[in-house]
Amino acid sequence: MTTQPTPPPAATALELIGRTPMVELQDFDTGPCRLFVKLESANPGGSIKDRIARSMIEAAEADGSLKPGGVIVEATAGNTGLGLAQVGILKGYKLLLVVPDKMAREKIQHLRAMGVDVRITRSDVGKGHPEYYQDMAAAIAAKLNNAVYINQFSNPANPLAHETSTGPEILEQMGGDVDAVVVGVGSGGTLTGLGRFFRKASPKTKMVLADPVGSILAPLVERGEKVEPGSWVVEGIGEDFIPDNCDLDLVAKAYEIPDAESIATARLLLTKAGILGGSSSGTLLAGALRYCREQTEPKRVVTLVCDTGSRYLSKVYNDSWVAEQGLVDRELHGDLRDLIARSTGDAVTVGPDDTLLTAYNRMRAADVSQLPVLDDGRLIGLIDESDLLEAVEDRRQDQRFRQPVATAMTAKLHTLQAGEPLDALLPIFERDEVAIVMEGREFLGLITRIDLINYLRRAA
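Residues numbered from 1 in each chain as written. Predicted model: local features only at pLDDT ≥ 70, side-chain atom pairs only at ≥ 80, totals over all residues. Heavy atoms only, no water.

A.B. asks: An account of the pairing of strand β15 (residues 442-447) is requested, with residue identities and associated values reported.
C.D. replies: By the criterion of burial, β15 is predominantly enclosed, with five of the six residues buried. As consecutive antiparallel partners, strand β14 (residues 435-439) and β15 are separated by two residues, and within that stretch Gly440 has a phi angle of approximately 70°, a positive value. (Buried < 20%, exposed > 50% of the residue type's maximum accessible area, 1.4 Å probe, protein only. Helix = DSSP H or I, 4+ residues; strand = E, 2+ residues; numbered from the N terminus. Pairing = 2+ DSSP bridges.)

A.B. asks: Which residues make up the sheet that holds strand β3 (residues 71-75), and what values go with them?
C.D. replies: Read across the open sheet, the four strands follow the order β5-β4-β3-β6; overall the sheet is parallel. This sheet does not close on itself; its edge strands, each paired only once, are β5 (117-121) and β6 (147-149). Across the sheet, the mean angle separating the axes of adjacent strands is 15° when strand polarity is ignored. Two elements, β3 and strand β4 (residues 94-100), share five bridges in a ladder whose sense is parallel. Across the sheet, residue Val73 finds its bridge partner in β4, namely Leu96. Relative to the sheet, helix α3 (residues 105-113) contacts β4 and β5, its axis offset from that of β5 by approximately 150°. (Axes fitted to C-alpha atoms, helices over the stretch in contact; angles between N-to-C directions. Contact = heavy atoms within 4.5 Å.)

A.B. asks: Quick rundown of helix α4 (residues 133-143)? Include the residues and the values.
C.D. replies: Those residues of α4 not exposed but buried are Tyr133, Gln134, Ala137, Ile140 and Ala141. Along the axis of α4, the buried residues cluster in a sector spanning 130°; they form a single face. Those residues of α4 that are exposed and aimed more than 90 degrees away from the buried face are Ala142 and Lys143. Turning to α4, the residues buried within the fold contact β3, β4, β5 and β6. (Arc of directions from axis to C-beta.)

A.B. asks: Describe the sheet that holds strand β8 (residues 206-212), and please don't skip the residues or the numbers.
C.D. replies: Strands sit in the order β1-β2-β10-β7-β8-β9 across an open sheet of six strands; the sheet is mixed. In this open sheet, the two strands that pair with only one neighbour each are β1 (22-24) and β9 (251-257). Averaged over all adjacent pairs, the angle separating strand axes in this sheet is 25°, with direction ignored. Alignment of strand β7 (residues 180-183) against strand β10 (residues 300-305), held across three bridges, turns out to be parallel. Bridge pairing links Val182 to Thr303 in β10.

A.B. asks: Give me the lowdown on unusual backbone geometry, citing residues and values where you can.
C.D. replies: For Asp27, which is not glycine, the phi torsion reads 65° and is therefore positive. Take Asp27: it is sitting in the loop between β1 and β2 (34-39). With a phi angle near 55°, Asn151 is a residue other than glycine that sits in the positive phi range. Mapped onto the secondary structure, Asn151 falls in the loop between β6 and α5 (157-173).

A.B. asks: Could you give an account of the packing of aromatic side chains, naming the residues involved and the relevant values?
C.D. replies: Note on aromatic pairs: each is described by the distance of the centres and the angle between the planes. Enumeration according to the criterion identifies five aromatic pairs in this entry. Judged by centre distance (6.2 Å) and plane angle (85°), the rings of Tyr133 and Phe153 are edge-to-face. Highlighted residues: Tyr133 in helix α4 and Phe153 in the loop between β6 and α5, separated in sequence by 20 residues. The class of Phe153 is buried, set by a relative accessible area of 4%. Within the aromatic cluster, the residues linked to one another by ring pairs are Tyr132, Tyr133, Phe153 and Phe241. Between the NZ or CZ atom of Lys127 and the centre of the ring of Phe241, over which it lies, the distance is 4.8 Å. The side chain of Lys272 reaches across the aromatic face of Phe28, ending 5.6 Å from its centre. (Phe/Tyr/Trp six-rings, centres within 6.5 Å; stacked < 30°, edge-to-face > 60°. Lys NZ or Arg CZ within 6 Å of the ring centre and 35° of its normal.)

A.B. asks: Just give me the short version of helix α12 (residues 385-392), but keep the residues and values in it.
C.D. replies: Residues of α12 that are buried: Asp387, Leu388, Ala391 and Val392. Projection of α12 onto a plane perpendicular to its axis shows the buried side chains occupying an angular sector of 115°, all on one side. Residues of α12 that are exposed and point over 90 degrees away from its buried face: Leu389 and Glu390. In this structure, the buried residues of α12 make contact with α11 (356-366) and β12 (378-384).

A.B. asks: Please provide a residue-by-residue account of the nonpolar core, values included.
C.D. replies: Within the largest apolar cluster, 53 residues are counted, with the highest numbers of intra-cluster contacts made by Leu25, Leu35, Val181, Leu191, Phe198, Val301 and Val302. Look past the residues within four positions of Val302 in its chain and what remains in contact with it is Met22, Phe36, Ile170, Met174, Val178, Ala180, Val181 and Val182. Listed in part, the 27 residues of the second largest apolar core include Ile72, Tyr93, Val118 and Ala161. (Core = buried A, V, L, I, M, F, W, Y, C linked by side-chain atoms within 4.5 Å.)

A.B. asks: Lay out a nonpolar patch on the surface with the relevant residues and their values.
C.D. replies: A cluster of nonpolar side chains, namely Leu357, Tyr360 and Phe401, defines an oily patch on the protein surface of about 240 Å² accessible area. Here Tyr360 is to be found in helix α11. When its relative accessible area of 31% is taken as the criterion, Tyr360 is described as partly exposed. (Patch = residues over 30% accessible without salt bridge, like charges linked within 9 Å, V, L, I, M, F, W, Y side chains within 5 Å. Areas by Shrake-Rupley, 256 points an atom, 1.4 Å probe, with all protein chains shown as cover. Salt bridge = Lys/Arg side-chain N within 4 Å of Asp/Glu carboxyl O.)

A.B. asks: Outline the packing of helix α1 (residues 49-63) against helix α2 (residues 79-88), supporting the account with residue identities and numerical values.
C.D. replies: Between α1 and α2, the least distance of the axes is 8 Å, while the angle of their chain directions is 55°. On the basis of their axis angle, the class for α1 and α2 is oblique. α1 and α2 meet at a crossing whose hand is right-handed. Between α1, through Lys49, Asp50, Ile52, Ala53, Arg54, Met56 and Ile57, and α2, the contact on the second element is made entirely by Asn79, Thr80, Gly83, Leu84, Gln86, Val87 and Gly88. Along the lines of polarity and charge, the residues of the contact of α1 with α2 split into six nonpolar, five polar and three charged. (Parallel < 35°, antiparallel > 145°, perpendicular 65-115°, else oblique. Left-handed = near helix turned anticlockwise from the far one by under 90°. Nonpolar A, V, L, I, M, F, W, Y, C, P; charged D, E, K, R; others polar.)

A.B. asks: Could you give an account of the pairing of β2, naming the residues involved and the relevant values?
C.D. replies: Along β2, five of the six residues are buried, which leaves the element largely enclosed by surrounding structure. As paired elements, β1 and β2 share three bridges and run antiparallel to each other. The partner of Met22 across the bridge, within β2, is Lys38. Where β2 and β10 come together, six bridges link them in parallel fashion.

A.B. asks: Give me the lowdown on the state of the cysteines, citing residues and values where you can.
C.D. replies: Applying the stated criterion across every chain yields a total of zero disulfides. With no disulfide of its own, Cys33 has Cys292 as its nearest cysteine by sulfur position, at a separation of 4.3 Å. Classification of Cys33 by relative accessible area gives buried; the value is 6%. (Disulfide = S-S within 2.5 Å.)

A.B. asks: I'd like a rundown of the pattern of salt bridges, residues and numbers included.
C.D. replies: Overall, the coordinates contain 26 salt bridges when judged by the stated rule. For Glu235, the salt bridge identified is with Lys107, shortest N-O distance 2.9 Å. With a gap of 128 residues between them, Glu235 in the loop between α7 (217-223) and β9 and Lys107 in helix α3 connect regions that are remote in the sequence. The class for Lys107 is buried, based on a relative accessible area of 1%. Where Glu163 meets Lys200, a salt bridge forms, and the shortest distance between an N and an O atom there is 3.6 Å. A residue pair is termed long-range when its members are at least 10 positions apart, and Glu163 in helix α5 and Lys200 in helix α6 (residues 189-201) qualify at 37 residues. Via salt bridges that share partners, Lys38, Glu40, Arg51 and Glu169 belong to a single interconnected network.

Printed below as a string of structure tokens:
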């Protein structure tokens, strides 16, 4: 085996932005084509947005709009904010980011761990509404002293980063031979920057758009159709308007990818290639696979792993969340079984001899407020937060959480059978209880108010 020389130590993490690796995907149905993925998840901030963050901050420094000790304000789906924090904090700036409320909590936690001021706003309003994330960010920046609204959607330094770094890297790694590049559009910088570069450096290279169903962009490219924006769960790509930085004239082909296909393809990338990518990476890979399979001649196709999937463990890689969102094929029965996202094997439970500390830790880890108590697979009780609090509040501090669960659980249970209709839940909820669902004597799972709300939202 030949070994490549390792690079010398970097002076700062800023030097690690770019020069990301490329992997050819094996064991995928790519038709007559070869398909390669560029791992932008290998940037120090975990996403392709590190590139534009450095470019935009350096441009603001050069034109004097960003001064020492200043505040960088941005509207972001998370990754641009993380990139801005990655670059800006090392340069001594403060960050204030406005983030829509559908973003993965891992992104929010990452930002706050870096000391970023994160303002969460609504994701169900459009451009022009005061709580729309871009309008809100612009308004906040206008009121602050020594602050600059970076505005990735209109900032020319955004596409410039890809025109001068990402594009040349791809062409070099592909030996100067690339037939198509599949991208998504959030701010439009990746599409426009790469499109401009390849138009000059490799005119044969086609730009292909992978767009979530619900976004207005793919229908406009493919059919010239202006549609009303819908909603989608994929983060970071898809738009309800055309950003100033988005040059759709560069797109040769566009695909509309449903959320379920994006999530399934992201998971496939992990299980088949060992690459943990985010939800948008699933969309791009799904679009790239469609493009490859449609070809009648061999082509060399590139797409991007836009960010790391470690930011989506609570969503894309969480079976319960995927089921709750209706993003997996699932047999529906028209009864209470349709509301149980977790199978019995996946349910978080405790035993009667476990300590209250164990029960507490499992509640916290699973973000639930009650746990079934199983003894040798048989349901014998339920313990919730009120049971736990009542059991520990009057005990000596050193004894509070050492008690067994059996001393605090509720053993008198009202259960429902799995075949009962949804209406059977209402009396349970009126008593402020959680519904315990059985199939005969076998415990299936719990149903809470939020489970019913999720079900009704999907059915709306």
